[in-house]
Amino acid sequence: MRWFIFILIYILVDVYAFQAFRTFSKSAVLSVIYVFISLAFLAAFIYTLSTLDRSRGIEVREMYMLGWFLAFFVPKLILVLLMFGEDILRLLVASYNRFFTEQTSFELPSRRKFISALALGVAAIPFASLIYGMYRGKYRYRVLSYSLEFEDLPESFEGYRITQISDIHSGSFDDAEKITYGIDLINEQKSDVILFTGDLVNNFAHEMKDWTGLFSKLKAKDGVYSVLGNHDYGDYADWESQAAKTENLNTLKKLQRDMGWRLLLNEHVFLERGNSRIALVGVENWGAGFKQAGDIDKASNGLMPQDFKVVMSHDPTYWSERLKNDPNNYQLTLSGHTHGMQFGIEIPGFIRWSPVQYRYDNWAGIYKEAGKVLNVNRGFGYLGYPGRVGIWPEVTVIELRRRLK
């Protein structure tokens, strides 16, 4: 039944969109090509979905199949919306002519070629954008820098620099040269510490096999620290046994140690400057609707409200539902998880929009509430759709400053 509904919707959208194409061009050859491409992509997409093997997870070629399907289907949805708007106007005109003029028959005005051409032009924008996102946008790394002020920041940490990365998703990578550029960009920030906020892999530890050499090159004066994200636990794959799943997670933890990273599992460490220190608190994944292994009480055992704390929590919902109002005073939280949905529009000072905002209140950038601060990193990698459009891969640099009382 699910396949039937999906195929029916696809065909209805395609047939409706085809009307705009036929209005614009009467070429029989182009019509045949249109129909062939539509049926071929529907068949390929159904085959891809029906042969997905959760024991091996979604592979790169399957992501590209999804990407190309979206590149062809999303523009058709836009065509349908535009053509439907014109059809409403045609219906209103026909109704007016029938009931308020001397016309005795109900006749719909013909579609205008100009409207069809305009609709096709508008639909070409997401088509080109989705293809660009797959082959260029997903590696269009950018550095976002923030200066954050706190009254209770120890004086010796004035100007302390944190580089945050998140959501590497190494199982999706397909270009070592681009990843090398991203690693070099992180190191070029010369921050005091590098913090990774989860989702190193899509499902399996072996996805990092070809990338450990590159990511072990990440260096900072105070080290590289990490936490687990929801994908790191292997919950989205089928396992032959619970023991195999546990072994995969243990391998992933060891792999991070071998790269020289310190994985924090509901625990904290201190970063020191002179006689002062700040606490780096790392919680396991906790998300609304996702795995909830995070335990801030355990992670901050022994810490006092007056201690300055930087919390690493993969899912930003932990901040909104627990951390920001906690009396133990968690001044700064760093999260990821949302990817900004890898699709949206961001024009500083003008617009910031992504469909993910209808699922997450805190989905990208800096948020300040109740005297606490959250940064949601848009992610270093990608998953599902093998690209990014408008929401580019991000390296965050945060400089801590003292606010004068």
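Each remark here, short or long, concerns the structure printed above.
Described in the following lines is the structure provided in the data block. (Residues numbered from 1 in each chain as written. Predicted model: local features only at pLDDT ≥ 70, side-chain atom pairs only at ≥ 80, totals over all residues. Heavy atoms only, no water.)

Comments concerning the packing of helix 1 (residues 2-24) against helix 4 (residues 113-135)
It is at 8 Å that the axes of helix 1 and helix 4 come closest, and there the two elements cross at 120°. By the angle between their directions, the pair helix 1 and helix 4 is classed as oblique. As for the relative orientation of helix 1 and helix 4, their crossing is left-handed in sense. Where helix 1 abuts helix 4, its residues Ala20, Thr23 and Phe24 lie against Lys113, Ser116, Ala117 and Leu120. For the contact of helix 1 with helix 4, a count of residues per class yields four nonpolar, two polar and one charged. (Axes fitted to C-alpha atoms, helices over the stretch in contact; angles between N-to-C directions. Helix = DSSP H or I, 4+ residues; strand = E, 2+ residues; numbered from the N terminus. Parallel < 35°, antiparallel > 145°, perpendicular 65-115°, else oblique. Left-handed = near helix turned anticlockwise from the far one by under 90°. Contact = heavy atoms within 4.5 Å. Nonpolar A, V, L, I, M, F, W, Y, C, P; charged D, E, K, R; others polar.)

Focus: the sheet that holds strand 9 (residues 332-335)
Within the open sheet, the six strands sit side by side as 6-7-8-9-13-12. Their pairing is mixed. Every other strand in the sheet has two partners, leaving strand 6 (267-273) and strand 12 (365-369) as the edge strands with one partner each. On average, adjacent strands in this sheet sit at an angle of 20° to one another, irrespective of strand direction. Strand direction decides the pairing type here: strand 6 and strand 7 (residues 276-282), joined by seven bridges, are antiparallel. If you follow Glu272 over to strand 7, its bridge partner there is Arg277. (Pairing = 2+ DSSP bridges.)

Comments concerning unusual backbone geometry
At His169, a position not held by glycine, the phi torsion is positive, near 50°. Relative to the helices and strands, His169 is located in the loop between strand 2 (161-165) and helix 5 (176-188). Judged by relative accessible area, which is 0%, His169 ranks as buried. Although it is not a glycine, Asn266 sits at a positive phi angle of roughly 55°. If you trace the backbone, Asn266 turns up in the loop between strand 5 (261-263) and strand 6. (Buried < 20%, exposed > 50% of the residue type's maximum accessible area, 1.4 Å probe, protein only.)

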